Amino acid sequence: MKLKRSLAPTLLILTLLLGASLLYGLMQSLGYLTIIGEKELSLTAYQNLISGQGTAGREFWASLGFSLWVSIVSTILSAIGALFLATLLNRRPSNFDTFALNWNLAFPHLVWGVFMLLLLAQSGLLARWAGALGIIQSPADFPVLVRDRYGIGIILTYLGKEIPFLTLLILALLRTQSDGYLLVAQNLGANAWQRFRLVTLPLVRPALVSGSLLVFAYIFGAYEVPALLGVRYPRTLPVLALESFTNPDLRARAEGMAISLIIAFIVLMIAGFARAKEELQG
Amino acid sequence: MKRLIFALLVFSMLLAACAPKSDSATADFDLADWDSVLAAADGQTVTWYMWGGSDSINAYVDNFYGVALKERYNVTLNRVPVADAADYINQVLSEKEAGVENGAVDLMWINGENFFTLKQAEMLYADWAQAIPNSAFVDWGNPAINRDFGEPVEDLESPWSSAQFQFIYDSARMDADSLPRSYADLATWACEHPGRFTYIAPGPGAFQGTRFVKGALFEISGDAAQWGTVDEALWDEWSPKVWDYFNKFKTCLWREGETYPKDEYELHSLFANNEVDFSITQAIVGAGALIDEGLVPTTSRAFVFDNYMIGDFNYVAIPSNASNKAAALVLANLILDPEFQAAQVLPENGFGLGFGIDVTRVTDPDQVAVLEDALANLGEAATPAEDMAKSLVGDAASPYQSMVEEGWRENVLIGQ
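Residues numbered from 1 in each chain as written. Chains lettered and ligands numbered in written order. Predicted model: local features only at pLDDT ≥ 70, side-chain atom pairs only at ≥ 80, totals over all residues. Heavy atoms only, no water.

Focus on the overall build of chain B
Right, so step 1: In terms of regular secondary structure, chain B is built from 16 helices and 12 strands.
Right, so step 2: A compact globule built from 416 residues would reach a C-alpha radius of gyration of about 22 Å, and chain B, at 23 Å, matches this within 12%.
Right, so step 3: Oriented by its inertia axes, the alpha-carbon framework of chain B measures out at about 70 × 70 × 45 Å.
Right, so step 4: The 416 residues of chain B split such that 58% are buried.
Right, so step 5: Contacts in chain B between residues far apart in sequence, at least 24 positions, make up 79% of those at least 6 positions apart.
Right, so step 6: The centroid of the 24 positive side-chain charges in chain B is displaced by 7 Å from the centroid of its 62 negative side-chain charges. (Helix = DSSP H or I, 4+ residues; strand = E, 2+ residues; numbered from the N terminus. Rg over C-alpha atoms; globule rule 2.2 N^0.38 Å. Buried < 20%, exposed > 50% of the residue type's maximum accessible area, 1.4 Å probe, protein only. Contact = heavy atoms within 4.5 Å. Lys, Arg positive; Asp, Glu negative; His and termini not counted. Charge placed at Lys NZ, Arg CZ, Asp CG, Glu CD.)

Describing the overall build of chain A
Right, so step 1: A tally of helices and strands in chain A yields 12 helices and zero strands.
Right, so step 2: Moving toward the C terminus, one meets the helices and strands of chain A in the order α-α-α-α-α-α-α-α-α-α-α-α.
Right, so step 3: Within the span of chain A, comprising 282 residues, buried residues form 45% of the whole.
Right, so step 4: Expressed as a percentage of contacts within chain A between residues at least 6 apart in sequence, the contacts between residues at least 24 apart total 73%.
Right, so step 5: Accessible surface for chain A amounts to roughly 15,200 Å². Of this, 70% is attributable to carbon and sulfur atoms. (Areas by Shrake-Rupley, 256 points an atom, 1.4 Å probe, with all protein chains shown as cover.)

A word on the state of the cysteines
Residue and element names in this part refer to chain B.
Right, so step 1: Taken as a whole and assessed by the stated rule, the structure comprises one disulfide over all chains.
Right, so step 2: Note that Cys-191 is cross-linked by a disulfide to Cys-252, the S-S spacing being 1.9 Å. Looking down the S-S bond of the Cys-191 and Cys-252 bridge, the torsion is 85°, so its handedness is right-handed. Here Cys-191, found in helix α7 (residues 183–192), pairs with Cys-252, found in the loop between α9 (232–248) and α10 (264–272); they are 61 residues apart in sequence, far enough to count as distant.
Right, so step 3: With relative accessibility at 36%, the residue Cys-191 sits in the partly exposed group.
Right, so step 4: Overall, Cys-252 belongs to the buried group, its relative accessible area being 11%. (Disulfide = S-S within 2.5 Å.)

A look at the sheet that holds strand β8 (residues 279–281) of chain B
Residues and elements named next belong to chain B.
Right, so step 1: What the three strands build is an open sheet, ordered β8-β7-β9; its pairing is antiparallel. Two strands lie at the open edges of the sheet, namely β8 and β9 (300–303), each paired on one side alone. Between one strand and the next, the sheet's axes are offset by a mean angle of 40°, whatever the strand orientation.
Right, so step 2: Pairing of strand β7 (residues 166–170) with β9 involves four bridges; the strand directions are antiparallel. Directly across from Ile-168, in β9, lies its bridge partner Ala-302.
Right, so step 3: Each of β7, β8 and β9 is contacted by α10, which is oriented at about 135° to β8, the strand it contacts most. (Pairing = 2+ DSSP bridges. Axes fitted to C-alpha atoms, helices over the stretch in contact; angles between N-to-C directions.)

Notes on the interface of chain B and chain A
Right, so step 1: Contact residues are listed per partner, giving 33 residues for chain B and 37 residues for chain A.
Right, so step 2: Both sides together, the interface formed by chain B and chain A hides about 3,100 Å², and carbon and sulfur atoms give 56% of it.
Right, so step 3: At the boundary of chain B and chain A, one finds three salt bridges.
Right, so step 4: In this structure, A:Arg58 engages B:Glu410 in a salt bridge whose closest nitrogen and oxygen atoms are separated by 2.5 Å.
Right, so step 5: Seen at the junction of chain B and chain A, the total is 14 residue pairs in polar contact (both at pLDDT 80 or more).
Right, so step 6: Those elements that place two or more of their residues in the side of chain B that touches chain A are α1 (2–18), α4 (85–98), α5 (113–120) and α16 (399–413) of chain B.
Right, so step 7: Here the side of chain B that touches chain A is composed, by residue class, of 15 nonpolar, six polar and 12 charged. (Buried area = accessible area lost by both parts, 1.4 Å probe. Salt bridge = Lys/Arg side-chain N within 4 Å of Asp/Glu carboxyl O. Polar contact = N/O pair within 3.5 Å; in protein donor to acceptor, adjacent residues only side chain to side chain. Nonpolar A, V, L, I, M, F, W, Y, C, P; charged D, E, K, R; others polar.)

Points about the environment of A:Arg175
Residues and elements named next belong to chain A.
Right, so step 1: Structurally, the position occupied by Arg-175 is in helix α7 (residues 152–176).
Right, so step 2: Classification of Arg-175 as partly exposed rests on a relative accessible area of 30%.
Right, so step 3: Placed 78 residues apart in sequence, Arg-175 and Asp-97 show a C-alpha to C-alpha distance of 13 Å.
Right, so step 4: Here Arg-175 is in contact with Leu-89, Asn-90, Arg-92, Pro-93, Ser-94, Asp-97 and Thr-98, once residues within four sequence places are set aside.

Regarding the side chain of B:Glu275
Right, so step 1: Note on placement: B:Glu275 falls in the loop between α10 and β8.
Right, so step 2: There is no salt bridge for the buried B:Glu275, and the closest opposite charge comes from A:Arg128, which lies 6.9 Å off by N-O distance.
Right, so step 3: Those residues in contact with B:Glu275 that lie beyond four places of it in its chain are A:Gln122, A:Ser123, A:Pro139, B:Gly195, B:Arg196, B:Trp254 and B:Leu270.

Here we look at the environment of B:Phe303
All names here are of chain B.
Right, so step 1: Of note, Phe-303 is situated in strand β9.
Right, so step 2: Relative accessible area serves as the criterion here: at 3%, Phe-303 is assigned to the buried category.
Right, so step 3: For the pair formed by Phe-303 and Asp-387, sequence separation is 84 residues and the distance between their alpha carbons is 8.0 Å.
Right, so step 4: If near-sequence neighbours (up to four positions away) are discounted, Phe-303 is found in contact with Gln-166, Phe-167, Ile-168, Tyr-169, Leu-179, Pro-180, Arg-181, Phe-278 and Thr-383.

Quick notes on helix α12 (residues 325–335) of chain B
Right, so step 1: Most of α12(B) sits inside the fold, with 11 of its 11 residues counted as buried.
Right, so step 2: Listed as buried for α12(B) are B:Lys325, B:Ala326, B:Ala327, B:Ala328, B:Leu329, B:Val330, B:Leu331, B:Ala332, B:Asn333, B:Leu334 and B:Ile335.

Focus: the pairing of strand β1 (residues 45–51) of chain B
Consecutive side chains of a regular strand alternate in pointing toward one face of the sheet and then the other.
Residues and elements named next belong to chain B.
Right, so step 1: Within β1, five of the seven residues are buried, leaving the element largely enclosed by the surrounding structure.
Right, so step 2: As for the winding sense of the linkage, the β-α-β connection from β1 through helix α3 (residues 55–73) to strand β2 (residues 76–82) is right-handed.
Right, so step 3: Here β1 pairs with strand β3 (residues 107–110) via two bridges, running parallel. Among the inter-strand pairings, Tyr-49 is bridged to a residue of β3, identified as Met-108. (Right-handed = clockwise from strand over helix to strand, strands pointing away.)

Details of the pattern of salt bridges
Right, so step 1: All told, the structure shown has 23 salt bridges over all chains when counted by the stated rule.
Right, so step 2: Its salt-bridge partner being B:Arg211, residue B:Asp395 comes within 3.6 Å of it at the nearest N-O pair. Separated by 184 residues along the polypeptide, B:Asp395 in the loop between β12 (392–393) and α16 and B:Arg211 in helix α8 (residues 207–221) bring together distant segments of the chain.
Right, so step 3: Salt bridges linked by common partners bring A:Glu59, A:Arg232, A:Arg235, A:Glu243, B:Glu406 and B:Arg409 together as one network.

Digging into the nonpolar core
Side chains that are nonpolar tend, in soluble globular proteins, to be buried together.
Right, so step 1: Residues B:Trp48 and B:Tyr65 are the most contacted members of the largest nonpolar core, which totals 145 residues.
Right, so step 2: Looking at this core, the element that brings in the most residues is α12(B), giving nine residues.
Right, so step 3: Counting residues in hydrophobic clusters, the runner-up holds 34 residues, among them A:Ala79, A:Leu101, A:Tyr158 and A:Ile219. (Core = buried A, V, L, I, M, F, W, Y, C linked by side-chain atoms within 4.5 Å.)

Things to note about the packing of helix α2 (residues 34–41) of chain B against α12(B)
Residues and elements named next belong to chain B.
Right, so step 1: α12 packs onto α2 with a crossing angle of 115° between their chain directions and a minimal axis gap of 8 Å. For the pair α2 and α12, the crossing hand works out as left-handed. Residue-level contacts link Trp-34, Val-37, Leu-38, Ala-40 and Ala-41 of α2 to Ala-326, Ala-327, Leu-329, Val-330 and Asn-333 of α12.
Right, so step 2: Of the residues that constitute the contact of α2 with α12, the class distribution is nine nonpolar, one polar and no charged. (Left-handed = near helix turned anticlockwise from the far one by under 90°.)

By themselves these figures say nothing about function.
Printed below as a string of structure tokens:
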């Protein structure tokens, strides 16, 4: 109870600021655009999106699909990568590895994205080396790894950022456990795979699952990496939303806001799911 | 409890900081009496929001207008560089929604799309553009000036400079004789050189791409002038042929038309990295300013097709809630001064866009000499003036902007 009361000021500010913005966004998505004197509420923006009509609506379903594809693939691959890396690092404890992982966290996603672009573009660093070595003759010979239709560049960028993040979460958990379980399992004749499956995995699963949901929610709502490394079509939902919001035609804002709210709704569902799972286990 | 009070305090301070300023900086002046404008502007600071992505343009603004404003009128120039015009449009719109009467923006560099947005929101100071003294040099009867992307200007903005769509090639890579000189040529050229051509994806915020597609519409339909008014039947007749044209050579494009550069800078970078053979520019100095900025190779040159190269003007406008309208008017007037119009076209000054005024309206012999001298020194990276003039056409009526963008997306980007 005491804890809850001390949170009150924070909650108050959050509710006021976030609540006001959310309400404002909701009103705009319903066509309440005071700038151009529109005050009538309607569900037109949502109808356009669902039926795939209008400026943003035409791309809505493709964008939703693309956003889900990028978020799900990035999350699953990050989780697998992190699990693998954490298990590996846990065998040889050192301070250096956590330092290396923390160091990565200091870079914003945008910086990673630019780095990937400079490295992997068809006229990027790797392509130039390949050209200098005579492996490729022209930039077009280099495989398309960024600004590609399947979001490979975007996914690679997220892997570079999220694997270290999840690894840190898992390592923190693993390193606070004693080696007892593993030793007992080994004594009982469990091989490496069995030890991983029956001891390590159950230990880290709660952290891994909630961490992954966090990663998913972040990627699903993030703008900068897909804006930088994506193609013109299909685009992720946040990119589509911002374009509608900055569209010269102010009426397009309703659709932009509707998309933003749909993103927020999906992310909230994921967060709620994560919380429910945590409570179930905790 | 103490914390709660503290939080509320912080919050109320935040609110106070957001509240509109109550002091009024707007001095009284009468637009019909220019001296009263000058007197009101004396000592003011004019805050000019403009696209700040080019170092050379920023330097030109500071070194020419900034210095002259201070010396001649005791007005301080506060240039606010912004990444995208949409950002300051949003600033002005938010101020309107919040009821801010003394806005942060005094003057804005806008054209076409942004003008349309602000006009739609009724956020522009009205009835001034033809009242400032130097507007006598502006050819207000020209539809290319009194319509901005086809939208009637209605005295809400004043021209700064002009631009015309041109292509850029690298003279070290290609011979001038082998350049395509029409859209039909271009499609042939592109398929003879697969992957070496692309264009900016038409869409909101990427008007150069839209303009490129409109040029094709003009050529395929054989006439530019007929697009000056909206005609649904005409559009239904010709637009499918335009999409056919683009779809036919789509697979010959860079990345086989799977994606397109989203703005001019992405295209310059593809061109500079030797991924494609053409870029585009709108500047009267052609590739000159881009070469100086190091964005394209020094051997880059500009060229145009024989016809259908769309030209237009860009403008400055004053938000209706500007705090220093007098100073903004003085600056808008200074921009049209023949002396500065001559300075802005010279490649070495770093601006590089064309005249906003009609030079034939200038009668003072000294000013005429300065203007003629500037025209004679546009640099070798510029398109020859006679080519420019021969190919110049005006833009289509404003509804075609979104019709072209939507149609291209539906039929070329997504379609097939």
